[in-house]
Amino acid sequence: MSDLSSNRFPWLGLLALAMAGFIAIMTETLPAGLLPQIKEGLQVSEALAGQLVTLYAIGSLVAAIPVAVLTGGWRRRPLLLLSIIGFLVFNTITALSSNYVLTLVARFFAGVAAGVLWGLIASYALRMVPDHLKGRGMAVAMIGTPIALSLGVPAGTLIGTFMGWRSVFWLMSLLAFLLIFWVLWKVPDYPGQSADKRISVFKVLLTPGVIPILVVVLAWMLAHNILYTYIAPFLDDMGLEPYLGQILLVFGIMALVGIWVIGIFIDRWLRPLVLISLTGFALISLVLGLWSEHGTIIFISVALWGLTFGGAATLLQTALAQAAGKQGVDIVMPINTTVWNLAIASGGILGGVLLNQWGTTSFPWALLLLLLLALFVALRAKRHGFRPYQSR
């Protein structure tokens, strides 16, 4: 039976989805904070150790859409459990492996598990809650992401420093093991789509509103990842490198505040919240470009950046679900996963080019251009793209 049979908000089921997202983000980003230890443990260079992050991202990027198409008819809970089991198995292999190639293979398939998961969480959350609370349900289901980015990764790095990097992957395996029982306990099962009701990726992309939202996803996340990926050299050039930990903590805390605010108001004010978030981030970029030599201004700017970013995933995925409709939601979410990972990868590449060619002072202006593009598209996408959430 669906949780829609009751007006009660399914907190425990949605928090199970949030835990799955937390494990996925932790699994993806932990190597970045543990590169020196991983380098020694696998006896490779730091650059090769960094490819543990790359292979995970590639797995997510290449798997999301094909797997969604192939498994469209599967029941939802077995597919969700298969993804979580993937994290259990491949994080365990990572924790045990002393072979670099085997570790890369495990990381690739952990990324595949993440690609499956990100295609499920949003549509699952939307099916678990009543129509008038869909935005709030999405916000709860997505809260694992900012928690992992803001608190989980620094904590994992600290644990890995004192107990060894393998212990952190063992911890992720343990969380995945426990989550299996949590899902069986509190997450309902739903049927997949019958063959006659499934629609193609191409048809979903042509649904009015979908492409403009995806353009906003790409531009917004590309801007975010240019700065987030290279925040250390940016702060170093401003003389604030010793405060990196505190600044990232401020970002994370404000991101949590952002997702809380979005969760309260998204069901009524989705479009205004998107426009406010993009405008705020654009103004922050302008301020960083003009007054980045002032430490206090940077702290305040990073806090406001976190506030505008915290609810981004919830806003964008809710808008996509609304635009794609019930039949298209299981396909549009993997497409979103692909675009999101493309933005992450492109942010690293473009940020590196900017850093080498013009230095970190070029970052705010690149961000501003991307955010103005996203804002322009969002403003134009009024009829079919970003509008107050309405059930179909």
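The model shown is predicted, which means the values in this text are computed figures rather than measured ones. (Residues numbered from 1 in each chain as written. Predicted model: local features only at pLDDT ≥ 70, side-chain atom pairs only at ≥ 80, totals over all residues. Heavy atoms only, no water.)

1. Some remarks on the domain arrangement of the protein
Line of reasoning, step 1. Here the protein is described as being made up of domain 1 (10-196) and domain 2 (197-391).
Line of reasoning, step 2. If you average the C-alpha positions of domain 1 and of domain 2, the two centres end up 21 Å apart.
Line of reasoning, step 3. Contacts between the two partners involve 36 residues from domain 1, matched on the other side by 35 residues from domain 2.
Line of reasoning, step 4. Contact between domain 1 and domain 2 buries roughly 3100 Å² in total, counting both sides, with carbon and sulfur atoms accounting for 64%.
Line of reasoning, step 5. Counting across the interface, domain 1 meets domain 2 through 0 salt bridges.
Line of reasoning, step 6. Summed over the shared surface of domain 1 and domain 2, the number is 2 residue pairs in polar contact (both at pLDDT 80 or more).
Line of reasoning, step 7. Those elements giving two or more residues to the side of domain 1 that touches domain 2 turn out to be α4 (51-70), α6 (100-128), α7 (134-141) and α8 (144-163).
Line of reasoning, step 8. By residue number, the principal contributor to the side of domain 1 that touches domain 2 is α4, which donates 7 residues.
Line of reasoning, step 9. Split into classes, the residues belonging to the side of domain 1 that touches domain 2 amount to 19 nonpolar, 10 polar and 7 charged. (Domains from an automatic or database assignment. Contact = heavy atoms within 4.5 Å. Buried area = accessible area lost by both parts, 1.4 Å probe. Salt bridge = Lys/Arg side-chain N within 4 Å of Asp/Glu carboxyl O. Polar contact = N/O pair within 3.5 Å; in protein donor to acceptor, adjacent residues only side chain to side chain. Helix = DSSP H or I, 4+ residues; strand = E, 2+ residues; numbered from the N terminus. Nonpolar A, V, L, I, M, F, W, Y, C, P; charged D, E, K, R; others polar.)

2. Thoughts on the packing of aromatic side chains
Line of reasoning, step 1. Applying the stated criterion across every chain yields a total of 15 aromatic pairs.
Line of reasoning, step 2. Note on Y228 and W305: the rings are 6.3 Å apart at their centroids and 75 degrees apart in plane angle, and the pair reads as edge-to-face. Of the two residues, Y228 sits in helix α11 (residues 210-229) while W305 sits in helix α14 (residues 295-310), which places them 77 residues apart along the sequence.
Line of reasoning, step 3. Residue Y228 is classed as partly exposed on the basis of its relative accessible area, which comes to 22%.
Line of reasoning, step 4. By relative accessible area, W305 is classed as buried at 2%.
Line of reasoning, step 5. Here the aromatic rings of F234 and F363 are separated by 6.4 Å at their centres, their planes lie at 20 degrees, and the arrangement is stacked. Taken together, the residues F234 in helix α12 (residues 231-237) and F363 in helix α16 (residues 363-380) connect sequence positions 129 residues apart. Judged on exposure class, the residue F234 and its partner F363 are both buried.
Line of reasoning, step 6. By way of ring pairs, the aromatic residues Y228, F251, F281, W305 and F309 are connected into one cluster.
Line of reasoning, step 7. Cation over ring: K186 sits above W185, and NZ or CZ is 5.2 Å from the ring centre. (Phe/Tyr/Trp six-rings, centres within 6.5 Å; stacked < 30°, edge-to-face > 60°. Buried < 20%, exposed > 50% of the residue type's maximum accessible area, 1.4 Å probe, protein only. Lys NZ or Arg CZ within 6 Å of the ring centre and 35° of its normal.)

3. Focus: a nonpolar patch on the surface
Line of reasoning, step 1. Taken together, L158, I159, F162, M163, L171, L174, F177, L178, F181 and L184 make up a surface patch of nonpolar side chains, about 1000 Å² in accessible area.
Line of reasoning, step 2. For the nonpolar patch, the secondary structure elements donating two or more residues are α8 and α9 (165-186).
Line of reasoning, step 3. With respect to the element layout, M163 can be found in helix α8.
Line of reasoning, step 4. Judged by its relative accessible area of 62%, M163 is exposed. (Patch = residues over 30% accessible without salt bridge, like charges linked within 9 Å, V, L, I, M, F, W, Y side chains within 5 Å. Areas by Shrake-Rupley, 256 points an atom, 1.4 Å probe, with all protein chains shown as cover.)

4. Side note on the nonpolar core
Note on soluble globular proteins: their nonpolar side chains tend to be buried together.
Line of reasoning, step 1. The biggest cluster of nonpolar side chains holds 126 residues, and the ones touching the most others in it are W220 and F386.
Line of reasoning, step 2. Counting contributing residues, this core receives three or more from each of domain 1 (10-196) and domain 2 (197-391). (Core = buried A, V, L, I, M, F, W, Y, C linked by side-chain atoms within 4.5 Å.)

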